[in-house]
Amino acid sequence: MAPEGQTWPSGLVPVVRHDLGVDAVDASSGRVLAWDPESLTERSGGPGWRRTFREIATSVEAWLEAWVGARTPAEVRAAQMDAYRREQARASRAHIAGLTPEERAAMGLPETGWERVVWGGLYLDDDEDDGAGPS
């Protein structure tokens, strides 16, 4: 794992391997460190090598609590998709709002209440965006 000329720190026990890095427990302190090799260069020695390690939890217990409480990748993607749909709905609504009443009528939309016809209320009542999704 370590670049040529560098040794893995003594007492640092790798416990989870990620795509590009490792979470490891410092056996002497119980701290959990993340090793991220992305900042390494061919000349990463001494201080550069040490900077690739950062504390992510003060204890294994804290690390596990954060992991258990974290959103799953599916939950993260769902939230991102919801935010994207919200953004697109608002952009489309703004575009249609910029049309004249005649242009909206030509689309078969009523002069008033066209927003609910088009969107059925989707993202209409949550313009304050509490992040809760459709109302």
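Each remark here, short or long, concerns the structure printed above.
Each chain carries its own residue numbering, running from 1 in the written order of its sequence. Local features in this predicted model are restricted to residues whose pLDDT is 70 or higher, and side-chain atom pairs enter the listing and the counts only when it is 80 or higher, whereas totals over whole chains, interfaces and linings include all residues. Side-chain measures here rest on the full set of heavy atoms in the structure, leaving out hydrogens and waters.

A. Up close: the pairing of strand β3 (residues 32–35). What you see with β3 is no split at all: Val32 and Ala34 on one side and Leu33 and Trp35 on the other are buried throughout. Here, a strand pair is defined by DSSP locating no fewer than two bridges between the strands. Runs of H or I in DSSP of at least four residues are treated as helices and runs of E of at least two as strands, each being numbered from the N terminus. Sheet topology places strand β2 (residues 22–26) next to β3; four bridges connect them, and they run antiparallel. Paired with Val25 across the two strands is Val32, which belongs to β3. Adjacent in sequence and paired antiparallel, β2 and β3 are bridged by five residues, among which Gly30 carries a positive phi angle near 85°. Burial here depends on accessible area, computed with a 1.4 Å probe over protein chains only, as a share of the maximum for the residue type. Under 20% is buried, over 50% is exposed, and the range in between is partly exposed.

B. Expanded view of the nonpolar core. By convention a nonpolar core is built from buried Ala, Val, Leu, Ile, Met, Phe, Trp, Tyr and Cys residues, the set being connected through side-chain atoms within 4.5 Å. Listed in full, the seven residues of the largest apolar core are Leu12, Val22, Ala24, Leu33, Trp35, Trp49 and Phe53. For this core, the elements supplying multiple residues, two or more each, are β2 and β3.

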